[in-house]
Amino acid sequence: MAATDGAACRAILRIVCAVCALPAALQAFGEGFPEHYGADAGGTRYAPLADITPANVSDLSIAWTYHTGDLAKRDAKAMHRSKLQVTPILAGDRLVLCTPFNEVIALDPGTGAELWRFDPKIRTDYRPANLFNCRGVALWRDSDAKPGEACAARIFTATNDARVIALDLASGKPCADFGAKGEVKVDIGKALTHPGEWAITSPPIAAAGVVVVGSAIDDNQRVASPRGTVHAYDARTGTLRWQWDPIPRNAADPASKTWGEGWKNTGSANVWSPMSVDLARGLVFLPTSSPSPDFYGGLRPGENLYANSVVALRLEDGVMTWHFQTVHHDVWDYDVPVQPTLATINVAGKPKDVVIVGNKQAMIFVLDRETGKPVFPVEERAVPQGGASGEALSPTQPFPADLPLLAPSRLSADDAWGITPWDRGKCRDSITAARNEGLYTPPSEQGTILFPFTGGGINWGGVAIDPATDIVYVNTTRLAHLVTLFPAAEFAAMRKRFPQLEVSPQAGAPFGMKREMLISPLKLPCNPPPWGVLAALDLRAKRILWESNLGTTEEIAPLGIALDTGAPNLGGPLVTRGGLVFIAAAFDRYLRAFDAKSGAELWTGRLPAAAGATPMSYQWQGRQYVVVAAGGRADAGIEPGDALVAFALHRPGDPGPGLLSMIIDRPGGRFAAGAAGAGLLLAFAVGAVFAWRGRRRK
């Protein structure tokens with residue numbers, strides 16, 4: 001047989017095997033959809049719904065809008081200290097969400113009408129390090145409860161002030177048998193330096209009779225920050241079932257050898273991002289973050305296990321079954337920021353249960369779900385050395401060997417960008433003056449460029465995967481940070497000198513740090529656009545299929561000019577069986593729909609505010625809805641909001657999108673309408689002047 005014929009036969013065989021494996025893969029997806037944050041227990045962000053397609057997505061219109069009331073009842077200071085990043089879940093016949101101030105709300109899925117509301121009454125007279133935030137809630141059904149019994153189905157929420165609360169799904173009332181009157185207080189383990197040093201901002205995991213919570217901890221304040229201990233409570237009683245610490249607690253732990261003596265005092269390595277769960281295996285998957293402080297590690301020599309890792313624990317007792325570290329000895333704030341995504345993909349013609357994890361460096365790792373071993377090759381590559389005095393850098397870092405990076409990781413002076421020769425020259429000077437040897441260049445007193453910046457790359461919005469194609473959809477931000485170390489004794493002087501910048505003490509370390517965006521005097525990024533991108537990564541072909549710019553400058557540019565540069569983004573994608581990728585995330589006021597095959601932007605839906613949240617979709621009474629929270633981002637100069645907006649195809653007899661709306665309610669539409677109106681006024685004025693002059697001549 002000819003070689004070409006043999007290749008064709010092998011290709012056909014691979015297709016047949018893939019088709020045979022597909023039912024098992026599809027069965028593994030959507031477990032509990034859409035009762036979990038991330039669409040299902042594994043965080044696939046996949047909706048197995050196909051009513052809305054590329055052919056009819058232009059017919060989407062707003063079905064209902066719900067306002068939490070925060071804009072009306074909270075003062076401006078509180079709103080500037082908050083961010084609405086919630087993704088609701090559909091729990092039975094209720095759409096359940098939480099506000100940044102930890103109020104839990106249940107809505108009618110078809111109308112958006114409020115069914116009940118619970119307010120834990122947290123303090124709001126301080127600024128949390130990570131702002132007031134609640135990304136979601138968790139549902140747990142008690143299999144031992146009698147039908148109709150109170151709290152047979154429970155909503156768990158975790159608060160900014162370190163409480164875990166159980167509510168009855170039916171009524172919204174606290175479950176009296178959980179802890180003390182429906183809540184337990186998390187033992188943080190040490191006194192806080194300020195009220196906002198420790199919080200819980202991501203949804204709990206509630207499964208197998210336990211509720212598991214992580215924490216968000218103030219970065220760079222002190223070496224001995226609170227530890228990132230994960231707590232698990234009995235879902236019925238609130239009794240503490242187990243704890244797991246990503247930092248060793250004693251010298252007998254084999255991981256202590258990867259810390260020197262640093263395990264004794266170092267804190268953080270916390271799980272601030274959402275977790276995922278494999279119900280069949282009884283495993284919970286944790287994304288851990290960097291140890292404290294972020295930008296100096298001389299006091300913790302070694303790889304620092306289990307920081308910056310994906311970790312699998314047994315739900316029943318918290319025993320670790322495996323770990324995979326994405327960064328050794330992190331001094332760049334390169335946490336694992338995403339919910340580990342559990343998928344079943346085709347590998348060599350057979351279905352394989354995997355964990356897919358992205359990181360701030362825009363890398364994708366694919367791991368065996370049973371063992372944590374890489375499914376696709378990972379290699380250790382030499383990285384820049386020569387850290388600050390006393391530093392103990394890792395000589396190598398792990399890289400995916402055959403999956404491409406999803407964002408650039410090197411920025412040269414020749415790449416400097418600006419809208420004029422002057423500001424481009426200033427950017428070129430800034431890049432030239434900094435230490436800049438590519439990814440993993442260590443922080444320095446000279447000033448070091450971190451590209452991607454510490455916000456990603458990929459951030460907490462995570463990834464979405466289509467189980468029929470094994471295509472992963474990922475949004476990235478492409479910006480740079482400049483991080484400068486300085487002697488610890490100079491902290492007070494540096495804070496006074498740079499009052500508008502982030503200047504942190506890293507108390508207990510020999511250096512404090514200053515972190516700033518690498519921007520021009522005109523406040524524009526020094527790296528060239530696009531600054532926000534949505535990409536499709538084919539795990540079978542191991543290549544990027546397409547990239548599309550995500551977002552415009554409409555909310556931040558003068559006069560609302562909408563340049564197609566892509567924009568910084570927070571929040572993730574949602575892919576549907578209908579062949580669409582829905583995403584908001586960017587700093588302009590739109591929910592977007594992209595063609596999953598081509599990356600073409602097919603539709604935009606105008607929102608009351610920018611949406612720094614991940615959309616979700618569900619079917620209710622035969623109608624598919626797509627819902628997103630639109631909260632703006634006041635701390636970033638983006639007007640705040642308090643809305644949850646549901647889109648659906650208009651039904652027979654309903655008014656569809658109007659022509660005016662289709663023209664104006666899209667990026668640049670308002671600027672174009674304003675410019676056209678100004679042009680008409682100018683033309684009218686010129687005409688009036690000529691008419692007046694004509695009358696005078698007569």
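Here, every reference points to the structure presented above.
Here the residue index of a chain counts from 1 through its sequence in written order. In keeping with the model being predicted, local features are shown solely for residues with a pLDDT of at least 70 and side-chain atom pairs are shown and tallied solely at 80 or more, while totals for entire chains, interfaces and linings include all residues. Remark: hydrogens and water are excluded; side-chain values derive from all non-hydrogen atoms of the structure.

## Describing the overall build of the protein chain
- Per the convention used, a helix needs a DSSP run of H or I reaching at least four residues, while a strand needs a run of E reaching at least two, with both numbered from the N terminus. Across its full length, the protein chain holds 7 helices and 40 strands.
- Only the C-alpha atoms count toward the radius of gyration. The rule for a globule is 2.2 Å times the residue count to the power 0.38. Relative to the 2.2 N^0.38 estimate, which gives 26 Å for 698 residues, the radius of gyration of the protein chain is 26 Å and therefore close to what a compact globule would have.
- Considered along the principal axes of its C-alpha atoms, the protein chain spans approximately 105 × 75 × 65 Å.
- Three labels apply to residues, based on accessible area from a 1.4 Å probe with only protein chains included: buried if under 20% of the type maximum, exposed if over 50%, partly exposed otherwise in between. Across the 698 residues of the protein chain, 58% fall into the buried class.
- In the protein chain, 62% of the contacts between residues at least 6 apart in sequence involve partners at least 24 apart.
- For every accessible area listed, the method is Shrake-Rupley and the probe measures 1.4 Å; residues are considered covered only by the protein chains on display. Within the structure as shown, the protein chain displays about 26700 Å² of accessible surface, and the carbon and sulfur contribution to it stands at 56%.
- Counted charges follow a simple rule, with Lys and Arg positive, Asp and Glu negative, and His plus the chain ends left uncounted. A single reference atom marks each charge: NZ on Lys, CZ on Arg, CG on Asp, CD on Glu. The positive charge centre, built from 68 side chains, and the negative charge centre, built from 68, are 5 Å apart in the protein chain. Contact definition: two residues touch when any of their heavy atoms are within 4.5 Å.

## Observations concerning the state of the cysteines
- Here, a disulfide means two cysteine sulfur atoms that sit within 2.5 Å of each other. Under the definition given, this model contains 3 disulfides.
- Each disulfide pairs two cysteine sulfurs, and for Cys98 the partner residue is Cys134, the sulfurs being separated by 2.1 Å. Given an S-S torsion of about -95°, the disulfide between Cys98 and Cys134 has left-handed geometry. Here Cys98 is found in strand S4 (residues 94-98), whereas its partner Cys134 is found in the loop between strand S6 (114-118) and strand S7 (138-141), with 36 residues between them in sequence. Neither residue differs from the other here; Cys98 and Cys134 are each classed as buried.
- A sulfur-sulfur separation of 2.1 Å characterises the disulfide bridge that pairs Cys151 with Cys175. The S-S bond linking Cys151 to Cys175 shows a torsion near -105°; that makes this disulfide left-handed. Placement of the pair is Cys151 in the loop between S7 and strand S8 (153-158) and Cys175 in the loop between strand S9 (163-168) and strand S10 (183-185), with a sequence separation of 24 residues. Accessibility assignment for this pair places Cys151 and Cys175 in one class, buried.

## Quick word on the nonpolar core
- Ranked by size, the top nonpolar core spans 51 residues in total, and within it Ile356, Ile364, Val366, Tyr440 and Leu539 carry the most contacts.
- Each residue touching Tyr440, except ones within four places of it in the same chain, is listed here: Thr326, Val327, Trp332, Tyr334, Gln361, Met363, Val383, Pro384, Gln397 and Phe399.
- Nonpolar cores are built from buried Ala, Val, Leu, Ile, Met, Phe, Trp, Tyr and Cys residues. Side-chain atoms within 4.5 Å join them into one set. Formed by 35 residues, the second largest nonpolar core is a distinct cluster that contains Trp64, Tyr66, Ala106 and Cys134.

## Thoughts on the sheet that holds strand S38 (residues 616-620)
- Strand order in the open sheet formed by 4 strands is S2-S40-S39-S38, and the pairing between neighbours is antiparallel. The open sheet has two edge strands with one neighbour each: strand S2 (60-67) and S38. Between one strand axis and the next, the sheet turns through 30° on average, direction left out of account.
- Paired strands, as defined in this entry, are two strands with at least two bridges between them according to DSSP. Relative to strand S40 (residues 643-649), strand S39 (residues 623-630) runs antiparallel, the two being bridged by 6 bridges. In the strand pairing of S40, Ala630 is matched with Ala643. To obtain an axis, a line is fitted to C-alpha atoms, over the contacting stretch when the element is a helix, and the angle between two such axes runs from 0 to 180 degrees between their N-to-C directions.

## Looking at the pairing of strand S18 (residues 283-287)
- Among the 5 residues in S18, 5 count as buried, and that is most of the element.
- Alternating positions in S18 separate into two faces, Leu283, Phe285 and Pro287 on one and Val284 and Leu286 on the other, with burial throughout.
- Here strand S17 (residues 276-278) pairs with S18 via 3 bridges, running antiparallel. Residue Asp278 lies in a different strand from S18, and its bridge partner there is Leu283.

## Focus: the sheet that holds strand S1 (residues 46-47)
- A sheet is described by the order of its strands in space; here 5 strands give the open sequence S1-S34-S35-S36-S37, paired in mixed fashion. The two strands at the open ends of the sheet, each matched to only one other strand, are S1 and strand S37 (601-606).
- Here 5 bridges tie strand S36 (residues 590-595) to S37, and the two strands are oriented antiparallel to one another. Along S37, the bridge assignment pairs Ala593 with Trp603.

## Examining the packing of aromatic side chains
- Note on aromatic pairs: the rings of Phe, Tyr and Trp (six-membered ring only in Trp) are paired at centre separations within 6.5 Å, and the planes decide the class, stacked below 30 degrees, edge-to-face beyond 60, tilted for the rest. As enumerated under the stated definition, the model contains 15 aromatic pairs in all.
- Each residue in the set Trp332, Tyr334, Phe399 and Tyr440 is aromatic and connected to the rest through ring pairs, giving one cluster.
- Positioned above the aromatic ring of Trp460, the side-chain terminus of Arg135 is 4.8 Å from the ring centre.
- Two thresholds decide whether a charge sits over a ring: the Lys NZ or Arg CZ must be within 6 Å of the ring centre and within 35 degrees of the ring normal. In this arrangement the basic side chain of Lys514 is found over the ring face of Phe498, its NZ or CZ atom lying 4.7 Å from the centre.

## What to know about the pattern of salt bridges
- The term salt bridge refers to a pairing of a side-chain nitrogen on Lys or Arg with a carboxyl oxygen on Asp or Glu at a separation within 4 Å. Evaluated as defined, the whole model comprises 42 salt bridges.
- With a closest N to O distance of 2.9 Å, Arg222 and Glu197 form a salt bridge. Highlighted residues: Arg222 in the loop between strand S14 (216-217) and strand S15 (230-234) and Glu197 in the loop between S10 and strand S11 (198-199), separated in sequence by 25 residues.
- The exposure class of Arg222 is buried, given its relative accessible area of 16%.
- Residue classification places Glu197 among the buried residues on the basis of a relative accessible area of 0%.
- With a shortest N-O distance of 2.8 Å, Asp402 and Lys542 are connected by a salt bridge. Of this pair, Asp402 sits in the loop between strand S25 (396-400) and helix H4 (421-433) while Lys542 sits in the loop between strand S32 (532-538) and strand S33 (543-549), and the two are 140 residues apart along the sequence.
- Residue Asp402 is classed as partly exposed on the basis of its relative accessible area, which comes to 27%.

## Some remarks on unusual backbone geometry
- A cis geometry characterises the amide bond from Leu305 onward to Tyr306, with omega recorded as 15°.
- Structurally, Tyr306 can be placed in the loop between S18 and strand S19 (309-314).
- The amide bond that connects Gly456 to the next residue, Gly457, takes the cis arrangement and shows omega of 10°.
- In this fold, Gly457 is placed in the loop between strand S26 (448-450) and strand S27 (463-466).

## Some points on the side chain of Gln339
- Residue position: Gln339 is located in the loop between strand S20 (320-325) and strand S21 (341-347).
- Under the rule applied, a polar contact is a pair of N or O atoms within 3.5 Å (in protein, one hydrogen donor and one hydrogen acceptor; residues adjacent in sequence only if both atoms are side-chain atoms). Within the structure, the side chain of Gln339 is placed 2.7 Å from the side chain of Arg45, a separation counted as a polar contact.
- In this structure, Gln339 is in contact with Tyr37, Gly38, Gly43, Arg45, Ser273, Pro274, Met275, Ser276 and Ile356, ignoring residues within four places of it in sequence.

## Re the pairing of S25
- Of all 5 residues in S25, 4 are buried, a share of seventy percent or more.
- Direction of pairing for strand S24 (residues 378-382) relative to S25: antiparallel, over a ladder of 5 bridges. Residue pairing in the sheet places Val378 in a bridge with Pro400 of S25.

## Quick notes on the environment of Phe399
- Among the secondary structure elements, Phe399 is positioned in strand S25.
- Between the C-alpha atom of Phe399 and that of Gln361, which follows or precedes it by 38 residues, the distance is 9.9 Å.

## With respect to the environment of Asp588
- Following the sequence through the fold, Asp588 ends up in the loop between strand S35 (580-583) and S36.
- Sequence separation between Asp588 and Asn102 is 486 residues, and the spatial gap between their C-alpha atoms is 25 Å.
- The residues touching Asp588, leaving out its near neighbours within four places in the chain, are Gly551, Thr552, Glu554, Glu555, Ala610 and Ala611.
- Among the polar contacts listed, one links the side chain of Asp588 to the side chain of Arg592, at a separation of 2.8 Å.

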